Structure formats: structure tokens, C-alpha cells
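Descriptive analysis of the structure
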Amino acid sequence: MPNHLADAISPYLRSHADNPVEWFGWGEQAFAEARERDVPVLVSIGYSTCHWCHVMARESFSDPAIAEYLNAHFVSIKVDREEHPDVDASYLAAASAFIDGLGWPLNVFVTPDGRAFHAGTYFPPVGQPGHPSFRDVLTAVTDAWLTRRADLTAGAARVAEMLAESARDLAAGVGSASGGGPGAGPDADRLDQAVAELVAYEDASFGGFGGAPKFPVAPALSFLLGHGGIDDPGPELAVRTLKLMGASPLRDPIEGGFFRYAVNRDWSDPHYERMLYDNAQLLGLYTRAWMLTEAPWARHVAEGIARFLCDVMQLPSGGFASAQDSESAVDGQRVEGGYYALEASDRLRQTPPARDEKVLTGWNGLAIQALARAGFAFDQPDLIAAARRAADYLRVHHERADGTLVRASVSGSASGERSSDAKATLEDYGMYSRGLLELALVTGDVTYATQARHLLDRTLSDTTDAADRAGAVTDPGVSTTASSPAFRPPHGSDTVLTAQGLVSAIDPSEGAYPSGLSATVDAAVLLHQLTGDDRYRRAAAAGLSLVATLAPQRPLAFGAALRLFDELNAPIQQLVIVEPDEPDEPDEPDGVRADPTNPDPTNPTNPDATAHGATGLNPTLLDLARRHPAGVVVAVTESQACAFDDAGFDLFAARTAQTGQPTAYFCRDFVCQLPVTDPAQLPPIDATAALLAKIAAEQQQLGGPHKH
């Protein structure tokens with residue numbers, strides 16, 4: 001009997017289309033079938049670059065005898081966790097009641113109304129001590145369903161209530177941190193304690209945190225890197241970890257990308273899938289590390305990641321693929337990691353591992369943000385152009401006319417662009433909005449910023465103060481009744497989960513990348529810094545209050561939230577560089593501004609051309625801006641500044657180029673000092689002078705003007 005996956009958007013689902021299992025995609029149809037047949041449901045969750053998902057597909061789901069048993073006694077649903085992250089999160093939470101060591105493939109057995117009663121991960125085809133065979137598991141579940149259903153359904157109800165109670169407890173904890181009121185968060189001392197806990201958890205021998213397996217934990221490193229000065233414990237630990245990871249087997253030295261995790265404590269024996277979200281976040285971290293330290297290793301690793309993203313992960317359409325597989329055929333034999341063991345010349349003769357060409361809105365937002373900032377910091381317009389291509393793809397194919405977003409799409413040579421029916425989640429709105437804002441800052445194109453504001457406004461609840469949220473009505477079927485979140489996807493949650501009562505009002509959990517809550521708060525914080533609209537800051541504080549107690553207790557699992565608490569606690573520093581408009585300025589490719597101090601920076605015969613448009617060895621304001629530690633750094637022309645001001649971004653009000661020269665405006669909490677045209681006059685004086693000296697020394701060592 002053919003299954004229902006041949007036309008799926010997800011490459012992972014399509015890879016199971018030839019299985020003899022009668023798979024359904026995620027949706028009400030499968031549960032209706034289970035109710036009609038009075039059988040349990042197997043929800044099998046994975047993703048296309050998951051090694052053990054491939055193994056179980058080959059061993060079990062392709063086996064005719066196992067498939068025959070599944071088809072007779074179950075309704076089987078195959079879910080791509082990347083296409084449906086809310087479904088994955090819901091069943092992960094339920095599975096935690098039955099097993100430790102959660103992972104993928106995740107196989108959850110549920111009643112026809114969606115209540116979980118048993119779960120496991122990889123099941124071998126032949127039983128091993130402590131690990132029953134998949135066929136034995138299926139037989140035992142069937143027996144329990146037929147002979148002990150009352151006990152089974154009662155247990156499933158208890159698990160569902162436990163999850164609902166946990167959600168209510170989380171909602172009830174809003175604003176309870178450290179005796180604070182609504183919107184309060186951990187103070188500086190509590191954040192210092194979180195840093196100290198991470199320092200204590202460091203693997204002093206090999207770097208990273210804990211033992212094996214070992215993950216990059218980019219959100220925690222982001223918190224550490226921004227907590228204090230470069231000589232403080234947090235940044236020191238982050239830089240040390242980044243340097244060790246960059247030299248470890250976790251990184252492919254040829255194509256520059258990082259693998260998802262390492263099996264061993266010393267970063268060896270990686271699992272070779274390469275994820276867009278990991279590499280986008282790590283690009284941002286290594287770029288920031290270089291800005292803080294000027295260390296050549298940091299720039300080398302950052303540029304390698306950027307090359308991997310642009311050369312390997314960017315699709316012809318402009319969007320970025322979600323991942324690259326761990327397996328490929330080497331000399332005709334399919335193996336995990338064999339491709340990455342080859343020398344560069346040998347790899348050219350092999351077919352590289354396949355990409356999951358599913359374009360995810362949120363993960364593309366992470367890549368847009370990282371590439372835009374790296375392109376500005378390293379003066380590499382091609383990276384900004386790559387970010388812009390992705391943003392323009394999403395604008396056309398992922399933004400609906402009603403103001404909502406598409407979660408995922410794929411390109412097909414015959415069918416063109418196809419969109420998933422999975423609802424976009426909060427991470428899509430937050431990560432994409434944040435990426436658009438970063439792109440606006442480095443290109444000077446205000447349209448990206450206005451679109452980001454529009455999308456974020458769609459996620460804001462009617463009330464953003466936590467004090468007003470108590471007792472607010474939530475969506476039907478939502479399992480928490482204590483509060484309405486400050487942010488929520490405008491078109492609601494997954495309809496099947498909602499109907500089954502399995503959706504929490506918001507999921508604040510962070511894994512390898514920021515939660516939807518943290519991502520949306522991040523965008524709101526930056527919008528406040530650009531507009532001065534306190535509504536965004538209040539919403540950010542109200543949203544973070546959901547994890548104000550939990551995050552400091554678990555710093556390795558809530559790094560993104562802790563970084564945002566840090567940012568909300570700190571004074572806002574803003575640096576705006578305004579350059580005069582060129583007369584009759586021609587259209588500029590990819591939104592990269594021409595440099596008024598260098599009419600033709602691409603002309604190799606121009607002896608004064610430098611990477612930054614400077615002449616001679618005198619660093620310019622733009623040189624300084626590329627590495628300045630302020631939270632907001634932007635360089636625009638006068639006409640671009642006027643466009644931002646007209647669009648309601650108050651940071652740009654009355655920003656002009658004084659006496660026709662590039663001019664810097666440095667502001668703290670929107671209070672701006674007098675404009676300056678001399679880089680040495682920018683505050684803080686000591687730090688600015690030191691950075692200028694470093695830049696001038698670098699130019700001198702290179703023998704004069706140098707194009708990176």
C-alpha cells in the first residue's frame with residue numbers, strides 16, 4: 001500500500017516515500033484514521049541529516065515484515081522536526097516521562113487523541129541486553145493496547161496533566177525573580193554567578209563544557225562573550241573555547257563549516273551533519289571575537305564559516321539550506337563522515353553529502369544576521385550581498401499578503417517554489433526580524449527595518465506589561481491559563497496540537513539555538529534602540545520575565561536569555577556614522593554604499609584605495625565603526641539617515657554629515673554627544689585611541705594600504 005509522503009515539502013519525509021510503511025504526514029487525517037480503526041498512533045520524528053534516523057529507516061522502516069505489522073496495528077506518522085518544531089517540542093516533553101537521554105529518531109506511541117503513553121529513540125532490529133528489538137516493542141505496545149487499555153490511557157492522561165501543570169507553573173513564575181516586580185530579571189550579581197557556574201563547568205583540558213558528547217552551545221558562548229570586558233572571566237572563557245573549537249576536529253578545515261557535535265570529550269569523532277543554525281551563530285561569535293581581540297585565528301575561522309555558508313549552503317534561489325547530511329557515497333559505498341576525511345583534491349572526485357534544501361525562515365534569519373555583520377566588520381561586500389539575496393528570497397516567497405510568514409519552502413525544477421503548510425513559529429518571526437534589522441544597519445536600506453518592525457508588531461500581545469497579563473485569556477486548547485505571553489505567533493499555534501490541548505502558551509526552552517521567545521526579545525531590544533519606542537523594551541522585559549528565575553539556575557541551557565538580561569541591564573550605546581551623499585550617486589549593487597573618500601576603490605591603480613576607503617595609513621571613522629563595541633553601530637549616507645528618520649527610527653533624527661565630511665554621533669541611552677569628524681575624538685577616549693593605534697599598526701605591517 002503506498003504511503004502519503006511522495007509530495008511532502010520535507011526532504012526527510014520524501015526519503016521515506018518508498019517505505020512499505022503506510023506513513024502519514026503530520027495532520028488531523030492520521031488521528032481521524034486512528035479513531036476510526038481504534039488503534040494507537042506511532043509518531044516518528046527525525047530530520048534529514050540525522051545518522052541514526054537513516055539507520056532506523058534502512059533497518060526497520062524498509063523491512064516488509066515490520067511494515068506489515070505497523071500497517072495492521074498502528075497509524076504511523078512521520079514528522080520532520082525542523083518543519084514542525086512545536087510538534088517535536090511537545091512530544092519531547094511527553095517522552096521525557098518515559099525515557100532519559102532523549103534524541104532522534106524519536107518514536108512516541110500515542111492514543112488517537114494525541115496523549116503519549118510510551119516512547120523511545122532508536123530501536124535496533126535485533127534485541128540487545130537492555131534494548132528490545134523494534135518488533136518486540138511494537139508487539140508489547142499492541143498487547144497493552146488490547147488488554148490493558150484502561151491503565152494505558154490513565155497513564156497517558158497523567159503525563160498530559162503533568163505537562164499542563166508544568167506549563168502553568170512556568171507561567172505563574174512570571175516576574176518572581178529576586179523579589180522583583182513584573183518584568184524584573186536577575187541583577188548583575190546573579191548574572192555574575194551564572195558566569196562563575198559556567199567557568200566551573202569548563203573542561204580545562206579540551207575546552208567546552210562537561211564531558212561527552214560535546215556541543216558548541218553557541219547561545220551560552222554568546223552570553224559569556226558579552227558579559228564584561230575582554231579580560232573578565234566570561235569573555236576570557238568564551239574566547240578560549242572558541243579558539244580550541246576552531247582548531248578541533250569539530251571544524252572541517254577544508255570547507256570551513258562546523259559539525260553538529262562530537263562524540264568524545266576531546267572534540268573527536270564528530271557526528272558529521274552540518275547545521276545552518278550552528279554555523280550562523282558561530283560566524284557571529286568568531287566575528288565578535290575578532291572585533292574584541294584582533295586575533296588572526298578568529299578572523300580565519302569566521303571567514304571559513306562564511307565561505308561554507310555562501311559556497312555550500314546557499315541555494316541558487318538565494319535561500320540557505322537547513323543542513324548538510326552526515327552520510328554520502330565515497331567510491332560507491334555509503335558511509336558517515338568519509339567525505340570529510342578526504343584531502344581537497346580527492347573530494348573533488350566525490351559527490352558531496354546532500355543538503356536538506358528546505359529553506360526555514362528562522363534559521364535563514366540567523367544566517368542573514370551573521371553574514372551581514374561579518375561583511376561589515378571584515379569589509380567584504382560579497383557577504384552582505386549573500387545576506388541580501390537570502391532576505392530578498394524570503395521577502396518574495398515567505399511573506400504572505402496577510403502579514404504572516406511561511407515556515408518552510410523548497411524549490412523544484414518542475415513545480416517551482418513550494419511552501420509548507422506548517423505554521424511559522426515565534427522563532428521564525430524573531431530570527432527573521434532580527435536578521436532584517438542587521439541587514440538594514442549594514443546596507444542603509446530602511447525597507448528591511450520597516451519590514452522587521454511590521455513583523456514584530458504582529459507578534460506583540462495587546463498588553464505588554466506583565467502586570468496586565470495575569471488572567472488574560474489564551475488561545476483555545478492552550479494548556480496554561482495563568483497568563484498571555486508578551487509575544488506570540490500572529491496566526492496561532494499548530495491546529496492539531498491545539499485541538500488536543502497540547503500547546504503551551506509559549507515554549508521558552510533553548511537548545512542549540514535561541515528559543516522563539518529569546519529571538520523575538522532580541523529583535524524587540526534592537527528595535528527599541530533604533531526607535532526609542534519604549535513599547536518594545538517593555539515587551540522584551542515582560543517576555544524575559546518568563547525565565548527570570550529559571551535561566552540563571554541553568555546557564556548552559558539559557559544562554560540567549562541571559563545575554564538579553566545582560567543587555568537590558570546595561571546602558572545603551574549607539575554609534576551612527578553619516579557620510580555625505582555623492583552627487584548624482586549611481587545605483588549601487590547589493591545595497592553596499594560607495595565610499596565618499598575613495599571614488600573608485602576597485603581600481604588597482606588608485607594608490608590611496610584601502611579596504612575601508614581610508615587614504616594613506618590614517619584610520620577613518622568607518623575603520624573604527626567596523627570594530628566598535630557599541631551595541632548599535634551603523635554607517636549611512638545623509639539621504640539614508642533621512643529615510644530612517646522619516647520611517648520613525650528616531651536614532652537617525654537630525655543626523656547629517658557636518659561640513660560635508662563623514663561624521664560620527666555617539667549616544668548613550670539616546671543622549672548624544674556633539675558630532676565629531678575626527679576618529680580620535682570619539683568616546684570612550686582611551687579605548688578609541690587604543691583601537692585606532694591597532695588599526696594603524698596593522699596597516700603599517702601590511703606595507704601600506706591593503707585590500708582584504
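This section reports on the structure supplied with the text. (Residues numbered from 1 in each chain as written. Predicted model: local features only at pLDDT ≥ 70, side-chain atom pairs only at ≥ 80, totals over all residues. Heavy atoms only, no water.)

Packing of helix 9 (residues 218-226) against helix 23 (residues 559-569) leaves a shortest axis separation of 7 Å and a crossing angle of 25 degrees. Overall, the two elements helix 9 and helix 23 adopt an arrangement that is roughly parallel. The handedness of the crossing between helix 9 and helix 23 comes out as left-handed. For the pair helix 9 and helix 23, the contacting residues are Pro219, Ala220, Ser222, Phe223 and Gly226 in the first and Gly559, Ala560, Leu562, Arg563 and Asp566 in the second. (Axes fitted to C-alpha atoms, helices over the stretch in contact; angles between N-to-C directions. Helix = DSSP H or I, 4+ residues; strand = E, 2+ residues; numbered from the N terminus. Parallel < 35°, antiparallel > 145°, perpendicular 65-115°, else oblique. Left-handed = near helix turned anticlockwise from the far one by under 90°. Contact = heavy atoms within 4.5 Å.)

Another aspect to go through is unusual backbone geometry. The residue after Trp104, namely Pro105, is reached through a cis peptide bond having omega 5 degrees. Here Pro105 is to be found in the loop between helix 5 (85-95) and strand 4 (106-110). With an omega of -5 degrees, the peptide bond running from Ala212 to Pro213 counts as cis. Looking at where Pro213 falls in the secondary structure, it is placed in the loop between helix 8 (188-200) and helix 9. At Val217, a position not held by glycine, the phi torsion is positive, near 40 degrees. Of note in the backbone geometry, Trp267 takes a positive phi value of approximately 75 degrees without being a glycine. Checked against the element boundaries, Trp267 lands in the loop between strand 6 (261-262) and strand 7 (270-271). Under the relative-accessibility criterion, Trp267 is labelled buried at 2%. (Buried < 20%, exposed > 50% of the residue type's maximum accessible area, 1.4 Å probe, protein only.)

Sheet strands line up and pair through hydrogen bonds in the backbone, either parallel or antiparallel. Sheet architecture is open: 5 strands sit in the order 1-3-2-4-5, paired in mixed fashion. Unpaired on one side and paired on the other, strand 1 (23-24) and strand 5 (116-120) mark the two borders of the sheet. With 4 bridges connecting them, strand 4 and strand 5 associate as antiparallel partners. Residue Asn107 lies in a different strand from strand 5, and its bridge partner there is Gly120. Here helix 6 (residues 134-147) sits on the sheet in contact with strand 2 (41-46), strand 4 and strand 5, set at roughly 170 degrees to strand 5. (Pairing = 2+ DSSP bridges.)

For the rest of this paragraph, the subject is the state of the cysteines. All told, the structure shown has 2 disulfides when counted by the stated rule. There is a disulfide in this structure between Cys50 and Cys53, and the S-S distance comes to 2.4 Å. Linking Cys50 and Cys53, the disulfide has an S-S dihedral of approximately 80 degrees and is accordingly described as right-handed. Both residues of the pair, Cys50 and Cys53, count as buried. The disulfide that involves Cys667 links it to Cys672, with 1.9 Å between the sulfurs. Residues Cys667 and Cys672 are joined through a disulfide that is right-handed, its torsion about the S-S bond being 95 degrees. If you count the bonded cysteines of the protein from the N-terminus, they pair up as 1-2, 3-4. (Disulfide = S-S within 2.5 Å.)

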